[in-house]
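Coordinate inspection notes
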Amino acid sequence: MSSDWQAFWISWRFDPGLSLSLVLAAILYLRGWMRLRNRGARQFTPGQPVAFFGGLVVIALALQSPLEVFSGLLLQVHMLQHLLLMFIAPPLLWLAAPELPLLVGLPRGLRRQVAVPLLRDEGVRMLGRALTNPIVAWLLFVLTGWIWHLPGLYNRALTSNSWHVAEHASFLIAALCFWHVVVAPFPHTRRTSRWVVLPYLLLAGLQGTALSALLTFSDRVLYPHYQTVPRLWNMTALDDQAIAGAIMWCGGSFVYLLALSWAAVEIWNAPQALAGGGRGRATTGSGPSLAVIRHSETLGGHVAEKPSRWDLLAIPGIGTLLRQAATRRTLQTILLLTAGLIVLDGVLGPAISPINLAGVLPWIHWRGVLVLGLLVAGNFFCMACPFTLPRKMAKHLLGGNRAWPAFLRSKWLAAGLLALFFWAYEALALWDSPWWTAWIVVTYFAASFVIDGFFRGAAFCKYVCPIGHFQFVASLVSPLQVAARDANVCATCTTHDCIRGGPQGPGCQSDLFVPQKTNNLDCTFCLDCVRACPKDNVGLLAFVPTDQLAATGDGTRLWQRRDLAALLLVFCSAAFVNAAWMIAPVVALEQSLMQSWSIENRPLLVGCGILLTLFAAPAALLWATAALSRVFAPQRAGDSTLSALARSYLPAFVPLAFALWCAHYAFHLFTSAGTLFAAGNRMLADWHFASLSEAAAACACCGEAASWILPVEILLLDGGLCLSLFLAYRTAERQTDSSASALRAWSVWAVLLLALFALAVWILMQPMQMRGTLVLGG
Amino acid sequence: MPRAWIVLLFCVSFLCSGVTAFADGGAVVFSGESGPVRATLFVEPVPPRVGQFDLSLLLQDRDSLEPIAAYGAHLTLTSEAFEGDLVEQIETGMDRDSATNALLQSALIETERAGRWQVTLVVDQVNGGFHEYSFSFPLELVPRRARFWDVAIWIALPLIPLLLFLAGRIRRVARELSD
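Residues numbered from 1 in each chain as written. Chains lettered and ligands numbered in written order. Predicted model: local features only at pLDDT ≥ 70, side-chain atom pairs only at ≥ 80, totals over all residues.

1. Overview of the overall build of chain A
Broken down by element type, chain A carries 37 helices and two strands. The principal-axis extents of the C-alpha atoms in chain A amount to approximately 90 × 65 × 55 Å. Taking all 778 residues of chain A together, the buried fraction comes to 47%. For chain A, the proportion of contacts with a sequence separation of at least 24, taken over those separated by at least 6, is 81%. (Helix = DSSP H or I, 4+ residues; strand = E, 2+ residues; numbered from the N terminus. Buried ≥ 20, exposed ≤ 12 C-beta atoms within 10 Å, placed from the backbone. Contact = placed C-beta atoms within 7 Å.)

What follows is the structure, encoded as structure tokens:
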């Protein structure tokens, strides 16, 4: 074998994403197929996995083998690649009747909470119906082929990786639609007579012949790219083009002929079906996706679907560890020691943020880990909060049996303190002041000690702690919630140990009664209720992220509370204000205002800015949107005031705001994580435990953002936007009497959410650095 | 339902992540002969932009056009801020390991300077020989695209679930109105 042929055979392009997708599809299919076979579904034959795996292998060959690598040098290789994607892989995949096995093969939670709702969605069903309509599928297939073979587009695909991927994706999708009509895989029924398949294939073959003839008999090279690339194996570009045309002609015709013969044999063998269409018409116009669900429920429904949710505490090892009170105390002790180091370094160390633990640990690492933890799990920081560690001692010293004043039993104080915290953050430049940071930590300890020492329960957590309240609101979007595993067990419970406490341990210090708990608000994940419940009926259960905010019935009244609305408003608007105050245009605006108005007192200006942007402007915007939505769609009786209407929609803004918090804090974590080592090294060097490494300090902070960070940030916003739009629609449905009114009311709120999404994207696209934390200049 | 849409969004984004993959290949920027060899250089992306770009070389026998396997290749890129004023020079070797196509050798180059560059390619040790063959050609690097275009696909992702969602709701409204 010559060296260039050897080079050809070893030129593979491994794409991890594609390979993973194909392997995952194979595993899911096999799992589902075996489950269906075990349940006696005779429609699933041993040949089907072979066809499915064959289809996947053909896709892998087309997109990862030397065919892909050499497609830019030889048109015939490119044509072979397209032939595999359009004529071989799709029919093989459909012959495997893959939809049902893939659905049944999914893990139960994913199937029930993701796949089935998606397939049931009216939009998805419409799309499915449209794409499997013979006329639409035929046109899509033919037009895709012709449009991509236009010289301009073809050349673009050859010189741009993105366009090449788009070309292949559209070929595969169009071909899947086309061959779906021909194969009509189980459980679908043909929507037209089987006879229609004959002209369907014949006409497709004819147009394919025309396209291949154009390539084969053209006396000029149609795609200039192939004229510029070096000729391999002494083959001219025109010869290459003619061979490519022949491959398309012969290969395509062969597959069409095979399919025509198969359709003809099917018609021959089933003459009785002529009148009613091949396999009978679909019984309803419900669309293909519903057919899949129906059959999955029929065939897969024999397996008892446990009603229970996924429970973190049920995982061996992790569950046991989390249940132990000692685990919480250990975590609290670790954070207490860390807080001690922060205070020590903040007071005694240099006033240079990036090399001081008080400058980096709270503002870069803790915040980043905190929001990511809330995103993927829940409010675990409150669980490990060091401020509450000496609570028992405080209560012992100061009495600890007074009731929290009635006039303070709301979220007003917490919302105000949270706003004050954001003001202090900007006005005192906390991120750049280790000294202030250290004293805030000390003050926090003192406040929690005194309040918890004087008052009953966890008064500080429930009514005061601004950080805790930030987490309470953020954890409304978290997937985990402390909840009862089985409501029936709670219904028969008479001791209520989860709130009152019992022989197994104290009850909830925040006075949350587990059976009535509908969200994470006020829940510190202390797990006292888990330990107290004698029936082991409390777990850390997984919920759909919007379940907590999309409350129905009595839950809706919760969001009408004005104090709670104020807290949500601060949380949502601060997400934008806190991120925006980091970017150059806003800093420049602030400086220009100070200059033009000759303001010397920056804290005062920041205070006015905070009042305007955290409260006044957002409230006015909400009020105006509520007014507009009421104009567009009449509301149900009872929600008469604009303020009440605005409060109803406010929870819908939480996911988008939380996404921005995550994107913002994760950015700092990802770009400046190394500061921990620099600051730690500096502190150890100060105490003569290590030698100072200047290189570590110089490289640790504010490094250039990797290219993947911005897409990840925007992806977080994408998710937040989708959840917010969905919650707004649920609210609109509740607030109005008809689908048309709900859609009109929702559209007004959707415009506001989209505008906020655009604003968030704009903020994230600005250069964002921790001002003042760059050691060397900046 | 919202979880379904989010998972769909992430699946689509996972598949889209492959779009940005960098690879050797792309368009031919130079083809020329020197001594017994013919060199063709490809650039990716097209047009080459500041930031990272990839230059790949296919070396062939001038007469038979048979690809040559054994040779060394070195690139020197010299930027010209304006006529004759040397402001930046990049030197790099090319190798087969960084090329997906085993017929090629390639080099990944990174610069922040847009404008006209002069590229000099020196090929030596062709099939173990001692001769050096030199090629020179200009290369125009266009400025970086607006940052928005690098993430436009990510920004537009919610459109897919949003449009599907809207289509379903509008259909429901239409059905209710017709009833």
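2. Some thoughts on the overall build of chain B
The secondary structure content of chain B amounts to three helices and eight strands. Helices and strands appear in chain B in the N-to-C order α-β-β-β-β-β-β-β-β-α-α. A total of 179 residues make up chain B; the buried ones form 35% of that total. Of the contacts made within chain B by residues no fewer than 6 positions apart, 56% connect residues no fewer than 24 positions apart.

3. With respect to the interface of chain B and chain A
In this complex, chain B contributes 55 residues to the contact, which on the side of chain A involves 53 residues. When residues of the side of chain B that touches chain A are traced back to their parent elements, those giving at least two are α1 (2-16), β1 (27-34), β3 (51-61), α2 (147-156) and α3 (159-178) of chain B. With 13 residues, the top contributor of residues to the side of chain B that touches chain A is α3(B).

4. Some details on the environment of H82(A)
Mapping H82(A) onto the fold places it in helix α5 (residues 75-95). Spatially, the C-alpha atom of H82(A) lies 52 Å from that of N519(A), the residues being 437 residues apart in sequence.

5. Re the confidence of the model for chain A
Residues and elements named next belong to chain A. On average, residues of chain A carry a pLDDT of 86, and 90% of them reach 70 or more. Within the model, pLDDT remains below 50 along residues 272-285, and this stretch shows 23 contacts once partners closer than five positions in the same chain are excluded. Segment residues 771-778: pLDDT under 50, and 24 contacts once partners within four positions in sequence are set aside and those in other chains are kept. (pLDDT = per-residue confidence, 0-100.)

6. Some words on the environment of L759(A)
Structurally, L759(A) can be placed in helix α37 (residues 739-765). Judged by the 14 C-beta atoms lying within 10 Å of it, L759(A) falls in the partly exposed class.

7. Observations regarding the pairing of strand β2 (residues 538-542) of chain A
Residues and elements named next belong to chain A. Most of β2 is tucked away: four of the five residues are buried. Pairing geometry for strand β1 (residues 480-484) and β2, over five bridges, is antiparallel. Bridge pairing in β2 places V482 opposite L540. (Pairing = 2+ DSSP bridges.)

8. Section: the sheet that holds β3(B)
Residues and elements named next belong to chain B. Pairing is antiparallel in the open sheet, where four strands are placed in the order β1-β2-β3-β6. Each of the sheet's edge strands pairs with one partner strand only, and the pair in question is β1 and β6 (105-111). Between one strand axis and the next, the sheet turns through 20 degrees on average, direction left out of account. (Axes fitted to C-alpha atoms, helices over the stretch in contact; angles between N-to-C directions.)

9. Some remarks on the nonpolar core
Counting 146 residues, the largest nonpolar core has F571(A), V654(A), L660(A) and A728(A) as the members making the most contacts within it. Other than its neighbours up to four places away in sequence, V654(A) contacts V473(A), L476(A), V477(A), L549(A), L568(A), F571(A) and C572(A). Listed in part, the 111 residues of the second largest apolar core include L73(A), L103(A), L55(B) and Y71(B). (Core = buried A, V, L, I, M, F, W, Y, C linked by C-beta atoms within 7 Å.)

10. Considerations on the environment of T78(B)
Residue and element names in this part refer to chain B. Considering the arrangement of structural elements, one finds T78 in strand β4 (residues 72-80). Assessed through the 16 C-beta atoms surrounding it within 10 Å, T78 is described here as partly exposed. A C-alpha to C-alpha distance of 16 Å links T78 and D54, two positions 24 residues apart in sequence.

11. Regarding the packing of helix α17 (residues 325-348) of chain A against helix α18 (residues 357-376) of chain A
Residues and elements named next belong to chain A. Two elements in contact, α17 and α18, have axes separated by 8 Å at closest approach and are oriented at 135 degrees. Looking at the two axes, α17 sits oblique to α18. Contacts between α17 and α18 involve T338, L341, I342, D345 and G346 on the former and, on the latter, L357, A358, L361 and P362. (Parallel < 35°, antiparallel > 145°, perpendicular 65-115°, else oblique.)

12. Here's the deal with the confidence of the model for chain B
Chain-level statistics for chain B give a pLDDT mean of 83 and a share of 83% at 70 or above. Taken over the whole predicted complex, pTM reads 0.79, whereas the ipTM for its chain interfaces reads 0.76.

13. Describing helix α33 (residues 654-672) of chain A
In this model α33(A) runs 27 Å from its N-terminal to its C-terminal C-alpha over 19 residues, within 8% of the 27 Å that 1.5 Å per residue would give. Taking burial as the measure, the 19 residues of α33(A) include 17 buried ones, the bulk of the element. (Expected span 1.5 Å × (residues − 1).)

14. What about unusual backbone geometry?
A cis amide bond links F186(A) with the next residue in sequence, P187(A), at an omega value of 15 degrees. The topology assignment puts P187(A) in the loop between α11 (161-183) and α12 (197-217). In this structure, the amide linkage connecting V46(B) to the following residue, P47(B), adopts the cis form with an omega of -10 degrees. Positionally, P47(B) belongs in the loop between β2 (37-44) and β3. Phi is positive for A429(A), which is not a glycine, with a value near 45 degrees. When you line up the elements, A429(A) lands in the loop between α21 (412-427) and α22 (434-454). Taking the C-beta count within 10 Å as the criterion, A429(A) has 15 such neighbours and is therefore assigned partly exposed.

15. Focus: the packing of helix α3 (residues 47-64) of chain A against α5(A)
Residues and elements named next belong to chain A. Contact geometry of α3 with α5 gives a least axis separation of 7 Å together with a crossing angle of 160 degrees. Classified by the angle their axes make, α3 and α5 are roughly antiparallel. Like other packed secondary-structure pairs, α3 and α5 cross with a definite hand, here left-handed. Of the residues in α5, those in contact with A51, F52, G54, G55, V58, I59, L61 and A62 of α3 are Q81, L84, L85, I88, A89, L92, L93 and L95. Class assignment of the residues belonging to the contact of α3 with α5 gives a composition of 13 nonpolar, three polar and no charged. (Left-handed = near helix turned anticlockwise from the far one by under 90°. Nonpolar A, V, L, I, M, F, W, Y, C, P; charged D, E, K, R; others polar.)

16. Side note on the pairing of β1(A)
When you tally the buried positions in β1(A), you get five out of five residues, the bulk of the element. Of the two faces of β1(A), both are covered, the one formed by L480(A), V482(A) and A484(A) as well as the one formed by Q481(A) and A483(A).

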